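Analysis of the macromolecular model
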Amino acid sequence: QNIIENPVSGFAPQMGLGAGGVNLWGYGTYFARDASYSIRAHYCDDCLDEEEDHMILLCLVECGLSCVGEEHMRIMPKVHPALKQLPYTSYVDFASNPEIFVTMGEQAYPAYIIHFED
């Protein structure tokens, strides 16, 4: 509802940071490449519209340069030790074919709310 009322500041994916959940690929906000991942994992079971249809948010995510994340990672590593000013900007689950993207800042923008029947 916040996104619909105020699209600019109503979307705050970073609110989930530090919520005590499992961070398998590093600390941050998780996004799936495929909507089916979020549906199969039951992440949108409680997101229902007035007609009891499910809803999922399609976001545009600015990933930048990604590295494979690990559970203990809380700070983005540097691309190269000599380039101290150039950190990676997102974690992924697999470098060759990533399905999960993890960001730590305001790198995601809501694009569409998709309504569907399960």
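This one's a predicted model, so the numbers in the text were calculated from it and none came from an experiment.

Digging into the overall build of the protein chain
Of the regular secondary structure elements, the protein chain holds two helices and six strands. Of the regular secondary structure in the protein chain, the N- to C-terminal order runs α-β-α-β-β-β-β-β. Counting every position in the protein chain, which comprises 118 residues, the buried fraction comes to 28%. A separation of at least 24 residues holds for 63% of the contacts in the protein chain among residues at least 6 apart in sequence.

A closer look at a nonpolar patch on the surface
A contiguous nonpolar surface patch, about 500 Å² in accessible area, is contributed by L58, L60, Y109, Y112 and I114. Secondary structure elements with two or more residues in the nonpolar patch: β2 (54-61) and β6 (108-116). Inspection of the secondary structure puts L58 in strand β2. Judged by its relative accessible area of 36%, L58 falls in the partly exposed class.

Some words on the nonpolar core
Formed by C67, M73, M76, Y88, Y91, I100 and V102, the largest nonpolar core amounts to seven residues. Ignoring sequence-local partners within four residues, the contact set of M76 consists of P87, Y88, T89, S90, Y91, V102 and M104.

Details of the sheet that holds strand β4 (residues 90-92)
Spatially, four strands are ordered β1-β5-β4-β3 in an open sheet, and the strand pairing comes out mixed. Single-partner strands in this sheet number two, and they are β1 (29-32) and β3 (66-68). Each neighbouring strand pair of the sheet contributes to a mean axis angle of 30°, computed without reference to strand direction. Where β4 and strand β5 (residues 100-103) come together, two bridges link them in antiparallel fashion. Looking across to β5, one finds that Y91 is bridged to V102.

Calculation notes
- Residues numbered from 1 in each chain as written.
- Predicted model: local features only at pLDDT ≥ 70, side-chain atom pairs only at ≥ 80, totals over all residues.
- Heavy atoms only, no water.
- Helix = DSSP H or I, 4+ residues; strand = E, 2+ residues; numbered from the N terminus.
- Buried < 20%, exposed > 50% of the residue type's maximum accessible area, 1.4 Å probe, protein only.
- Contact = heavy atoms within 4.5 Å.
- Patch = residues over 30% accessible without salt bridge, like charges linked within 9 Å, V, L, I, M, F, W, Y side chains within 5 Å.
- Areas by Shrake-Rupley, 256 points an atom, 1.4 Å probe, with all protein chains shown as cover.
- Salt bridge = Lys/Arg side-chain N within 4 Å of Asp/Glu carboxyl O.
- Core = buried A, V, L, I, M, F, W, Y, C linked by side-chain atoms within 4.5 Å.
- Pairing = 2+ DSSP bridges.
- Axes fitted to C-alpha atoms, helices over the stretch in contact; angles between N-to-C directions.

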